[in-house]
Amino acid sequence: MIKELFKILEFIAAIILSAILLPLGIFFNIWELIRFKRRFFVFFGRLFVEIILIFLDIFEKVAVIIDRIGNIILGPAFTYFLIKKEFRRHLSFNPYGLNHWTISASTGYFESRNMLNKRGVRFSNMLSKILGKDHCLQAYKFQILKEKFYSKTGIS
């Protein structure tokens, strides 16, 4: 609970500091442009591109967060509809429903163990057509790498 509270405090601190420091940074950059007679439009063009790239990164992170929420809410349904009947009741580990796993990584987990039924295989193939070759397996491999990294570094 303390970690979650700390994340909220970090967010509030970031908002307050950015409200103070971003205008100062903009003022300093304009002052530097005038002082060194740099090309004004080149500088602001580059600044604009960098800001657009940051927003694209934000959109990607929000998409992953929505995916993780979907994994929590739809976990029981995916377990029922996508996993072979003989495996459903005796799962020692089920990533569907876990908050740090995406739907794709969870599906990739079962795909790597040949536990998906026909619907599950079609679902995985559809995601691969939309999001890239072997998407679910790649998402699962990435999830494993993240978990190894977090366990070794202690970062959460």
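Before going into details, it helps to say that this report is about the structure given with it. Owing to the predicted nature of the structure, the values given are computational and were not obtained by experimental measurement.

1. Here's the deal with the overall build of the protein chain
- Scanning the protein chain for helices and strands turns up 6 helices and 0 strands.
- Scanning the protein chain from its N terminus toward the C terminus, one meets helices and strands in the order α-α-α-α-α-α.
- Computed over its C-alpha atoms, the radius of gyration of the protein chain comes to 22 Å, more than 25% above the 15 Å expected for a compact globule of 156 residues.
- The C-alpha extent of the protein chain, read off along each of the three principal axes, is 75 × 40 × 30 Å.
- The buried share of the protein chain, taken over its 156 residues, is 21%.
- Element-wise, carbon and sulfur atoms account for 71% of the exposed surface of the protein chain, whose accessible area totals about 12,100 Å².
- Averaging the coordinates of the 23 positive side-chain charges in the protein chain and doing the same for the 11 negative ones gives two points 5 Å apart.

2. Things to note about the environment of Phe40
- One can find Phe40 in helix H2 (residues 40-82).
- Residue classification places Phe40 among the partly exposed positions, given a relative accessible area of 42%.
- Considering only alpha carbons, one finds Phe40 and Phe149, 109 residues apart in sequence, at a separation of 43 Å.

3. With respect to the packing of H2 against helix H5 (residues 118-131)
- Contact geometry for H2 and H5: axes closest at 7 Å, N-to-C directions at 115°. On the side of H2, the interface is formed by Phe78, Phe81 and Leu82, while H5 contributes Arg119, Gly120 and Phe123.
- In the contact of H2 with H5, the residues fall into 4 nonpolar, 1 polar and 1 charged.

4. Quick notes on the side chain of Asn117
- Summarising the element assignment, Asn117 is placed in the loop between helix H4 (103-112) and H5.
- A distance of 3.0 Å separates a polar side-chain atom of Asn117 from the backbone oxygen of Phe81.
- Setting aside residues up to four positions removed in sequence, Asn117 forms contacts with Phe81, Leu82, Ile83, Lys84 and Arg88.

What counts, and at which threshold
Residues numbered from 1 in each chain as written. Predicted model: local features only at pLDDT ≥ 70, side-chain atom pairs only at ≥ 80, totals over all residues. Heavy atoms only, no water. Helix = DSSP H or I, 4+ residues; strand = E, 2+ residues; numbered from the N terminus. Rg over C-alpha atoms; globule rule 2.2 N^0.38 Å. Buried < 20%, exposed > 50% of the residue type's maximum accessible area, 1.4 Å probe, protein only. Areas by Shrake-Rupley, 256 points an atom, 1.4 Å probe, with all protein chains shown as cover. Lys, Arg positive; Asp, Glu negative; His and termini not counted. Charge placed at Lys NZ, Arg CZ, Asp CG, Glu CD. Axes fitted to C-alpha atoms, helices over the stretch in contact; angles between N-to-C directions. Contact = heavy atoms within 4.5 Å. Nonpolar A, V, L, I, M, F, W, Y, C, P; charged D, E, K, R; others polar. Polar contact = N/O pair within 3.5 Å; in protein donor to acceptor, adjacent residues only side chain to side chain.

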